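Close look at the chain arrangement
Spelled out from the first residue to the last, the chains are:
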Amino acid sequence: MLVTLSLGASKGAAEGFCGNNLNFEQKARVFSVIQIREQQASVWVLIVGSASHPARDCFLPLNSGAGNTTWPLCQSTMFQLTATPVSALADEPVHIRATGLPPLQMMTLTASLKDEKGKLYRSKAFYRSNEAGELDLQRDSSFGGDYVGVHPMGLFWSLKPEVAFGRLLKRDVMNSPFLVTLHLYDSVCFQDSATVEPKVSQVVQRWYSSPGTQRVQIREGCVRGALFLPPGEGPFPGIIDLFGGIGGLIEFRASLLAAHGFAVLAVAYFAYEDLPSQLANVELEYFEEAANLLLAHPKVQKPGIGVISVSKGAEIGLAMACFLKQVVAVVCINGPSSVCHFPLRYRDLAITPMATFLERMQIDISGAVSLRHILDDPRDKRNQHRVYPIEKAQAQILFIVGENDASLSSREYAQQALERLQSHGKSNGRMLVYPGAGHLIEPPYAPLCYASWNPLFSIPLLWGGDPVAHAVAQEHAWGEIQKFFRQHLVQTSSKL
């Protein structure tokens, strides 16, 4: 709200205005917190009224010139914070804006989220409003906090766990969103304090499934998992989703891919229901059964399926590409190119894992352990039978690697696999390399998990990654993954 004042040539006139329009308590508040700033040819006087006065904050531009001083304008600030859309899929961007702010003032924006176990994640950044009293995260640069520069979704991907070594995972993907609470403060707030009230707040809903998506619990034969089907009759391109050593059933990536038109089977392979509580070996026939189950579904497109996989799951995904004819497109995110840690068995084939050297573990300053260098060299002649025969793969293979992967030498492994393909005259593999990205490359705007507890090792493991570079990688890779599957799974007569 703008109020035009004719206050004459003196500050006393402004005092008179306050005397005529504010009560005693408000006047005491006003003149105890006057701040005078120089801004080019103008001096800005900030007058802040009492907490009980709803339109209490005024900026008076004091224009000097030709020997006189005028106080022509008082702007009552009406803080507004908007997030558009306020409810969206977790892989969709949000446009955050604030209006009605004091012009050219430092502000603090914070985000907070509690996961389903009540664990808290937080982020913050410091911005300056423009001359119009506005702030736009698509345009304006953060001066500091958890990131610096123009990053429209920085408050989301810079969320950090309050307790060290936490990993943000959405478990119930169908019935509830993550709620991200945004707070705006009209000063630089270094520490979170219950005594400092935000000027305005907004709650953003981040969903992991879209309306009409169907979740089907899978307990067929040996296979345990969850199938996500988009709305409609289909048929839809089918994908199996595999995570790594975390175990259990992880569904958030599968449900998000279903929102983009894929039929996705999230498969658990240990530490879930009646499956083994610990991973002792990899039985490829289990994953073959899962592939056949998915391909037989009436809403899944023939003749082949895809696999999206990360970490230990990416090793299994590569094995599926090599040995299962049902698999025609595989995304391997930061995985090895040889059998690691646990034996692999398939029918009459048994492959022992690479030797590990635990004395090569490196302890990060955070206390987390990097396993990047503990595996034996797959290029050594004595290890050749442990390297996956990628030349046998009929599937198209996309390797996605982060150069700051602290868990595996994933770029070297992917490069060796591609060289092996080329040496056999094949070209059905390619690699996307992301500088600065860590091990756990997930859907867009997910916070970087730099290190977290891992049940396979009972210690916090270092995953690595620079937050900004990792965020860029996640956003780009997600689009490339969907393009890859559409290209190699979708029939020409039924393009998504």
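Residues numbered from 1 in each chain as written. Predicted model: local features only at pLDDT ≥ 70, side-chain atom pairs only at ≥ 80, totals over all residues. Heavy atoms only, no water.

**A few points about the pattern of salt bridges**
Evaluated as defined, the whole model comprises 22 salt bridges. Of the charged contacts, one joins Lys-170 and Glu-116 as a salt bridge, the two residues approaching to 2.6 Å between their closest N and O atoms. Here the residue Lys-170 occupies a position in the loop between β14 (160-161) and β15 (178-185), and Glu-116 occupies one in the loop between β10 (106-114) and β11 (120-128), the gap between them amounting to 54 residues. When its relative accessible area of 3% is taken as the criterion, Lys-170 is described as buried. (Salt bridge = Lys/Arg side-chain N within 4 Å of Asp/Glu carboxyl O. Helix = DSSP H or I, 4+ residues; strand = E, 2+ residues; numbered from the N terminus. Buried < 20%, exposed > 50% of the residue type's maximum accessible area, 1.4 Å probe, protein only.)

**Quick notes on the layout of surface pockets**
Roughly 480 Å³ of internal volume is contained in the largest pocket. Surrounding the largest pocket, 21 residues form its lining, Lys-117, Lys-119, Gly-166, Arg-167 and Leu-169 being those nearest its centre. Among the elements of the structure, β11 and β30 (451-454) are those that each provide at least two residues to the lining of the largest pocket. Along the lines of polarity and charge, the residues of the lining of the largest pocket split into 10 nonpolar, 4 polar and 7 charged. (1 Å grid on protein atoms, 1.4 Å probe; cavity = no way out; pocket = protein on both sides within 12 Å on 5 of 7 lines; lining within 4 Å. Points joined across faces, edges and corners; volume = space filled by probe spheres on them. Nonpolar A, V, L, I, M, F, W, Y, C, P; charged D, E, K, R; others polar.)

**Thoughts on the confidence of the model for the protein**
Taken as a whole, the protein shows an average pLDDT of 87; of its residues, 83% reach a score of 70 or greater. Low pLDDT (under 50) marks residues 1-76, which in the prediction has 127 contacts with non-local residues, meaning those over four places away or in another chain. Between residues 492-496, whose pLDDT stays under 50, and residues either more than four places distant or in other chains, the model counts 9 contacts. (pLDDT = per-residue confidence, 0-100. Contact = heavy atoms within 4.5 Å.)

**A closer look at the sheet that holds strand β21 (residues 282-283)**
The strand order across the open sheet formed by 3 strands is β21-β24-β25, and the pairing between neighbours is mixed. Each edge of the open sheet is held by one strand with a lone partner, namely β21 and β25 (349-351). Pairing analysis gives 2 bridges linking β21 to strand β24 (residues 344-346), with the strands arranged parallel. The residue bridging Val-282 from the neighbouring strand is Leu-344, located in β24. (Pairing = 2+ DSSP bridges.)

**What about the sheet that holds strand β22 (residues 305-310)?**
In space, the 8 strands of this open sheet follow the order β17-β18-β20-β19-β22-β23-β28-β29, with mixed pairing throughout. Each edge of the open sheet carries a strand with a single partner, namely β17 (214-220) and β29 (429-434). Neighbouring strand axes in the sheet, compared pairwise and without regard to direction, differ in orientation by 20° on average. Relative to strand β18 (residues 223-229), β17 is paired through 7 bridges, and the arrangement is antiparallel. Within β18, the residue paired with Gln-214 across the bridge is Leu-229. Helix-sheet contacts for helix α5 (residues 284-296) involve β17, β18, β19 (238-242), β20 (263-268) and β22, and the interaxial angle to β20 is about 155°. (Axes fitted to C-alpha atoms, helices over the stretch in contact; angles between N-to-C directions.)

**A look at the environment of Val-94**
Structurally, Val-94 can be placed in the loop between β8 (87-89) and β9 (95-99). Sequence separation between Val-94 and Leu-137 is 43 residues, and the spatial gap between their C-alpha atoms is 9.6 Å. The contact partners of Val-94, leaving out residues within four places of it in the chain, are Ala-83, Thr-84, Pro-85, Pro-152, Met-153, Phe-156, Val-204 and Arg-206.

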